[in-house]
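The primary structure of each chain is shown beneath.
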Amino acid sequence: MASFLRAKQSGVATDLSAGLLPGSFNPDELARYGINSQVSCLAYAPTRSLLAVGTSPSTFSPRGKIYVFGRDRVHRILQPPNPSGGVSYRQLAFVNHSLVSLDSNNEVALWDLETCTQTSKYSYVKVSSLVTDPALDWAFVGSASSSGDVQVYDLDRARPVPFRLGNLAKEVYPREMIGDRAGVAAMALHPRDIGKLAVGYAGGVVGVYSFKMGGVQRWYEPPPAGGMMMMRGKVKLTNVVWHPSGTFLMGGYENGVMVFWDVKEGRVVGVRDVYGSLDDLEGDKRDRVPLGRVKWACKGNNPDDTGLVVQGGWDRGEQQSGKRGISFLDLGPTPVYATSSWEVLGGYVKGKGERVVMEMPPGAEVVDYVLIPRQSPYFDGAQDPLAVMAMLSSGELITMSFPSGWAISPTNMLHPSLSFVHPFVQRIGVASLGRERWLGMVEKRSQGEAILKGGKVGNTRRKMVDVRNVILVAHADSTVRIWDVGFGDEVENPGQLQVDVARAVGRFEDVSVSEVHMAEGTGEFAAGTKTGEVVVYKWGVNKFDGRDATTALDPKPGGLTDISTRAEPSLKEGLQPFVLYEMAQGPISALCVSDVGFIAVGSEGGHFSIIDLRGPSVIYTSPVTEFITQEKKSFSLKKSSSSHNKLEFPTAISFGVMTLEGDSYSSICCFVGTNLGHIATFRLLPSGQSYTAKPAGFIKTSGDRVISLSPINSETGSPATATGQSVAGLRSNVQTPGVLVAVTQSEIRIFKPSTNKGASKSFDDQLCDSARVTHPPNLPPSVVCLFGDRTTRAYSIPSLKEVGRASLSMLDPSRTLSCVISKTGELIAWNGPSEIAVMPVYGSGKGLPVSTDSLISPERTLPPRPTISNLQWISGTQYVSPTDLDLLIGGEGRPPSKRVVRAEEVERAAAGGGGYGGSRSQQQQEGWGDYLVRQVNERTEKLSFVDDAMMKLQEASSGWAEDVNKTVKEQKRGLLLGGLKKSFF
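Since we're looking at a predicted model, the values are computed, not measured. (Residues numbered from 1 in each chain as written. Predicted model: local features only at pLDDT ≥ 70, side-chain atom pairs only at ≥ 80, totals over all residues. Heavy atoms only, no water.)

### Describing helix H12 (residues 882-890)
Part 1 of the reasoning: Taken together, the buried positions of H12 are occupied by Asp884, Leu885, Asp886 and Ile889.
Part 2 of the reasoning: Once H12 ends, the next one or two residues include glycine 891, with phi positive near 85°. (Buried < 20%, exposed > 50% of the residue type's maximum accessible area, 1.4 Å probe, protein only. Helix = DSSP H or I, 4+ residues; strand = E, 2+ residues; numbered from the N terminus.)

Okay, structure coming up:
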């Protein structure tokens, strides 16, 4: 009976929701975007061109996850089959077709990137260092315990091996290597000779272990000054880093000091910090923060032109001044070792270039970073880096160019999920654009080289509907990114649009976006700020492409300013800044951009304005209390005493075309809802070349915040929004019978504007946080609401009968007010601080689908690992190949690794299957003794060739000297005889 009465009172004669069955309301979880908890570690694979992100546990994720991102929308999430709570990932590393992870439980796990599953895991004790190499099948695990041993994990066989290095330092320094100082602090493989592993102990010493020799080749000690000598020192080692050519070794200490040793002689060639040389360690009084990650980078393909990338090590006084970013210390070309003095070598490591600081945002510090090399995965991932991605103490990410430190926008460079922490998101909105409109909105922007190029998008369904749900994401740095969230189908335009609100406003401080809205028909966009400005953008070509034409503009409070000169120089075509409206009445609280050239704006200061973009001009502005007070007197409505003490301001705005109550014609209408439950209606009527806006009346609802206003056709149920087609019909006196569906925190109301109260239904148990009239494909319309108890419900029109409800326990209860609902019935809701879920409410109750994207690109192959030079080999340096290392660590009984077998298959296929298999079988039959004999014979043969060449050179030189002597003697004899002839004749 109540439903029948509501249908009569609302003025809607037919059941517009006929056909909606209770079982049809069953939300699916279509997709998730963002990072569900704080980022804990990063890893980049230059060969695969993939980025891995590890996270720590949180309220919304009991265990950390691993996200792997590739090009466009390629992504996979790695989770163990039997997760245990409270585990955070500490380190990630790409090795061949696998990903190696180390978590807070000291568990080393191996993940297959082809199947994206965990293939093995093994627990160690107090892991302090995990070292891998892209070309090797071994992971070296150092322990921080007093045992100080180094264990090895076989990545190919997915198991630990018996090979183990005990505490090498205890044998040489038994008195110093006690307690926690005996543990391994850091390790590093030689960049060219994989047969050498540098092991640094917390006590301060570093030893280079030779796998071929089976022992430590040389020890490296810190200088006996400044409290760093082990006998009396208290400063612990934190880093061990090789020079790219292996000429020098660097040890970093927790007091921010870096010590450089000559690898061949073991001599200290220099001591410095991030500011420069430290010749007087005893007199050093600087209080530095501990060194974090340190990389020895090289430029281009020249490993001898180097620089240090240092996290931490700055003075604590400077930490308060804002220069707490990543330091780049340009060392320049490496001197020729054979011809350089100790002074020259010392001058090189002490550096001559200035310190370049890649500064971080105010209030944030660097926790860790990863370099983004162009191609090579070697030299510890530090060869020819084009960018650096830093992880901040706030939990955000920032990407900067290397080494200049200029910020790189993640727009169209990184997966949209990464943009949720790059930086954090403050506000989201959604617009349902036509497919043709969205396909045409591809911005043209000058950008650098792409960071992520690996992977392949999995098979998806063809497009479902001709509407695309485009999300509007406002970030903390005042940028807004706009992209298609999809329907679980093929995303034909995966690109992102970006607008810089701070640049358009004309200042880069104190700019925070509070409201965003996009016209679904024209693609015009507007953003409101907390300081009371509204920036309007239109699609177009940048007249100032490639140059900064920004000029100082005088403020116009209450007026419009042309800001087309504030277009981004790098943006050739896209959403360009059009006008700036300085409302200056507090934060923008409501914003609506229509498809017919009007924008309505409300502010928390209690003001409301309507802008006509045809001028552009402000055609109406007034305090909310003015037009509501005027109507109050006319209708003699009473206001509650509590409302007198509350400032009233707009909270929801919508444009429509319909016939208002008592009119015989349709008109363009603007509907405004306030925080005190009033809903006002304005008529927009032509006036010369523009329009005028006049209040038509208002009603009072439940007295609380108006959340949503949706005009619909009362006969068909279709949207009665103001579109170009509906406005054009006004010239022919086409009438649109319409009603307005308004949702407040405590009720739904359907009425015919402007003063008819219509029919309503109250929410007795919960407050509504988000609502909208939805029009799903092939389904009738309904009112979908999201409540504070994390339930979503649907109501029929006009009877307002509950069609169905569902509990969404995965949502963040503190952010339900920030959730949005699309016109096609997708709930876009926060299920964590930096992650959203896309859920079609009319589904079949399916959970989140597993991504079918592929992370492995067969065309991306691993380049050969850098190795020692021929001169080094001839002079006696023992070359160890990856196969040799497999034999030294795994023993003779270990079969060839999958990597070797795969490489052989490729080579055999390239060679047509001829001859190679026999050669391999011959090598497999070769024993350890035969192997050594072959190595010695090869070296002796090489040396014999050199000896023969030198003998030939000596013989040639002797012959040349004899010829010269003979010629000189003949010349002397000729001169003597000539003189005698002149004397006698």
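On we go from here.
### Structural notes on the nonpolar core
Part 1 of the reasoning: Counting 33 residues, the largest nonpolar core has Tyr33, Ile428, Leu827 and Ile836 as its most contacted members.
Part 2 of the reasoning: When residues of this core are traced back to their parent elements, those giving at least two are strand S1 (31-34), strand S30 (425-434), strand S32 (467-475), strand S53 (782-787), strand S55 (802-807), strand S56 (820-821), strand S57 (826-832) and strand S58 (835-840). (Core = buried A, V, L, I, M, F, W, Y, C linked by side-chain atoms within 4.5 Å.)

### Topic: helix H4 (residues 342-350)
Part 1 of the reasoning: Within the sequence span of H4, burial applies to Leu345, Gly346, Tyr348 and Val349. Along the axis of H4, the buried residues cluster in a sector spanning 155°; they form a single face.
Part 2 of the reasoning: Summarising the contacts, the buried residues of H4 are in contact with strand S19 (248-253), strand S20 (258-262), strand S21 (268-273), strand S23 (291-299), strand S24 (302-312) and strand S25 (326-333).
Part 3 of the reasoning: One or two steps after H4, the chain reaches glycine 351, where phi turns positive at roughly 85°. (Arc of directions from axis to C-beta. Contact = heavy atoms within 4.5 Å.)

### Description of the UniProt feature "repeat: WD" (unreviewed entry) in the protein
Part 1 of the reasoning: In the numbering adopted here, UniProt assigns the feature "repeat: WD" (unreviewed entry) to residues 237-271.
Part 2 of the reasoning: Between the C-alpha atoms that bound residues 237-271 there is a distance of 14 Å. The span itself is 0% helix and 60% strand. (UniProt positions renumbered as here; feature names shortened; annotations may be inferred.)

### Looking at the packing of aromatic side chains
Part 1 of the reasoning: Within the structure shown, the criterion is met by 25 aromatic pairs.
Part 2 of the reasoning: Centre to centre, the rings of tyrosine 201 and tryptophan 219 are 6.4 Å apart; their planes meet at 40°, and the pair counts as tilted. You can see tyrosine 201 sitting in strand S15 (residues 196-201) and its partner tryptophan 219 sitting in strand S17 (residues 215-220), a full 18 residues away along the chain.
Part 3 of the reasoning: Considering the side-chain rings of phenylalanine 420 and tryptophan 830, the 6.0 Å spacing of their centres and the 70° angle between planes classify their relative orientation as edge-to-face. Taken together, the positions of phenylalanine 420 in the loop between helix H5 (416-419) and S30 and tryptophan 830 in strand S57 put the pair 410 residues apart, joining distant regions of the chain. With respect to burial, phenylalanine 420 and tryptophan 830 carry one shared label: buried.
Part 4 of the reasoning: By way of ring pairs, the aromatic residues Tyr33, Phe420, Trp483 and Trp830 are connected into one cluster. (Phe/Tyr/Trp six-rings, centres within 6.5 Å; stacked < 30°, edge-to-face > 60°.)

### Some points on the pairing of strand S34 (residues 497-500)
Looking down a regular strand, the side chains alternate between one sheet face and the other.
Part 1 of the reasoning: Burial along S34 is two-sided: Leu497 and Val499 facing one way and Gln498 and Asp500 facing the other are all buried.
Part 2 of the reasoning: The pairing of strand S33 (residues 479-484) with S34 spans four bridges and is antiparallel. The residue of S34 that forms the bridge with isoleucine 482 is leucine 497. (Pairing = 2+ DSSP bridges.)

### Brief notes about the side chain of serine 61
Part 1 of the reasoning: Looking at the secondary structure, you find serine 61 in the loop between strand S3 (50-55) and strand S4 (66-69).
Part 2 of the reasoning: At 2.6 Å, the side chain of serine 61 and the backbone oxygen of arginine 63 are in polar contact.
Part 3 of the reasoning: Those residues in contact with serine 61 that sit more than four places away from it in its chain are Asn36 and Ser37. (Polar contact = N/O pair within 3.5 Å; in protein donor to acceptor, adjacent residues only side chain to side chain.)

### A look at the pairing of S33
Part 1 of the reasoning: Within S33, six of the six residues are buried, leaving the element largely enclosed by the surrounding structure.
Part 2 of the reasoning: The alternating pattern of S33 places Thr479, Arg481 and Trp483 on one face and Val480, Ile482 and Asp484 on the opposite face, and all of these are buried.
Part 3 of the reasoning: Alignment of S32 against S33, held across five bridges, turns out to be antiparallel. Paired with valine 473 across the bridge in S33 is arginine 481.
Part 4 of the reasoning: The loop that links S32 with its antiparallel partner S33 comprises three residues; one of these, serine 478, has a positive phi angle of about 70°.

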